[in-house]
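Structure at a glance
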Amino acid sequence: MALLFISENDDPSVWKAELAKAIPELEVRVWPECGDADDIEYALAWNPPPGLLASFPNLRFIQALGMGIDPFLTDPKLPKSVPLARLVDPDMVRQMSEFVVHAVLRFHRQSTLYADHQKKRLWRQEAIPDTSGATVGIMGLGMLGADAAAKLEAIGFRVRGWSLRPHEMQNIENFHGRGGFEDFISGVQFLVCLLPLNESTADIINKDTLALLPQGAYVINAARGGHVVEDDLLGAINSGHIAGAALDVFRTEPLPADHPFWPHPNIHVTPHIAALTNPITAARLVAENIQRAAAGQPPDNLVDIRRGY
Ligand code: NDP
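Residues numbered from 1 in each chain as written. Predicted model: local features only at pLDDT ≥ 70, side-chain atom pairs only at ≥ 80, totals over all residues. Heavy atoms only, no water.

Side note on the site of the ligand
Every one of the 29 residues lining the ligand counts as a neighbour, but Arg86, Arg165, His167, Ala222 and Tyr309 are closest to it. Between the ligand and Arg86 there is a distance of 2.8 Å, counted from an oxygen atom to a side-chain nitrogen or oxygen. Between the ligand and the protein, one listed contact pairs an oxygen atom with a backbone N or O atom of Leu144 at 2.9 Å. When the ligand is considered free in solution it has 940 Å² of accessible area, and contact with the protein chains removes 95% of it. Listed by contribution, the elements that provide at least two residues to the shell around the ligand are α5 (143–155) and β7 (158–163). (Near = heavy atom within 4 Å. Polar contact = N/O pair within 3.5 Å; in protein donor to acceptor, adjacent residues only side chain to side chain. Areas by Shrake-Rupley, 256 points an atom, 1.4 Å probe, with all protein chains shown as cover. Helix = DSSP H or I, 4+ residues; strand = E, 2+ residues; numbered from the N terminus.)

Next comes the structure, spelled out in structure tokens:
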């Protein structure tokens, strides 16, 4: 059996070494050196070129190298009969919650203001914002959103979440579906996007959404750049309606050097690092899924392609 590793972002040598520990007999080939296409039974892929996966007639399982699978949705030739699983690694969940908690607290505890005061050698104590009166709204209550919600709630924020279907979480108010969106977003001071990117969620943070947020709200996007209409967000920040944003993901990555987000004093830019796939923790999960596929069992974290996540 041969697995084809397809990624321009990840180091294949680390993956090869980690997978060899779990499945020594697995032959790992690294795209673009595929060898005989008939040999490829498994693909471990991030952002595969459109049409590539369809060129392996014996492909029986595709494992995404990340938690999101949006790059696969845009491949018109994606072999839909081949199971596609996403990577769900508790280590990435932890990383993402750290990012979100840090972003919320940085705004909430006025870090930019105090950095400015320090530059001026100004010793001035501002009132501490009321945490129990501040509402964090998390779009997407999946693996990432649910964990971040619980951690923010434990700190003392009021937390609400928005999902496709109803959820029950202790002390987290839940809204769902398009019908619940307006009630969800009204009154949110910190809007966090942790949705998958697909047709129903693209451009969801736009001027209409932003107008529903109260004056002085903050936006945190750690999901995908395609969720945000960038000009609308910039306009809302420049008008003073939105106080600031923490953005980890962008419509074009790397963020172009002349993009207005870079120099903006109220926008924190990070280079898509909220949660990174770690081969040391993830290879074991990938190996288990390959073994399941080899045994004819359904893989863990199977994606519903028609649903889009
Ligand atoms: P999950 O699939 O576990 O959760 C998705 C959540 O979004 C679910 O709660 C789902 O609702 C909800 N949802 C999906 N579609 C809609 C919709 N149309 N309306 C309302 N709610 C919707 O995803 P994860 O939490 O694992 O990951 C979320 C995304 O985070 C990934 O797709 C990826 O793009 C991004 N990500 C970003 C990283 C970074 O470093 N910046 C790292 C890792 C992931 P329901 O629960 O009802 O199904």
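Comments concerning the pairing of strand β4 (residues 61–64)
What you see with β4 is no split at all: Phe61 and Gln63 on one side and Ile62 and Ala64 on the other are buried throughout. Judged from the 4 bridges that link them, strand β3 (residues 40–45) and β4 form a sheet pairing that is parallel. Residue Ala43 lies in a different strand from β4, and its bridge partner there is Ile62. Where β4 meets strand β5 (residues 84–85), 2 bridges bridge the pair, whose relative direction is parallel. Along β5, the bridge assignment pairs Ile62 with Leu84. (Buried < 20%, exposed > 50% of the residue type's maximum accessible area, 1.4 Å probe, protein only. Pairing = 2+ DSSP bridges.)

Concerning the nonpolar core
Of all hydrophobic cores here, the largest spans 31 residues; its most connected members are Val100, Val104, Ile138, Leu152 and Leu194. At the level of secondary structure, the elements contributing two or more residues to this core comprise α3 (90–108), β6 (135–139), α5, β9 (190–193) and β10 (217–221). When residues of this core are assigned to their parent elements, the largest contribution, 9 residues, is made by α3. Apart from residues no more than four positions distant in its own chain, Ile138 is found in contact with Gly145, Ala148, Ala149, Leu152, Val159, Arg160, Gly161, Trp162, Phe184, Val192 and Leu194. By size, the runner-up hydrophobic cluster in this structure holds 29 residues, among which are Trp162, Val188, Phe250 and Leu255. (Core = buried A, V, L, I, M, F, W, Y, C linked by side-chain atoms within 4.5 Å. Contact = heavy atoms within 4.5 Å.)

Digging into unusual backbone geometry
Here the residue pair Trp31 and Pro32 is connected by a cis peptide bond, since its omega of 10 degrees sits within 30 degrees of zero. Relative to the helices and strands, Pro32 is located in the loop between β2 (27–30) and β3. Here the residue pair Glu253 and Pro254 is connected by a cis peptide bond, since its omega of -5 degrees sits within 30 degrees of zero. Here Gln110, not a glycine, exhibits a phi torsion of approximately 55 degrees, which is positive. Mapping Gln110 onto the fold places it in the loop between α3 and α4 (111–119). Unlike most non-glycine residues, Asn301 shows phi in positive territory, near 60 degrees. Positionally, Asn301 belongs in the segment after α9 (279–294).

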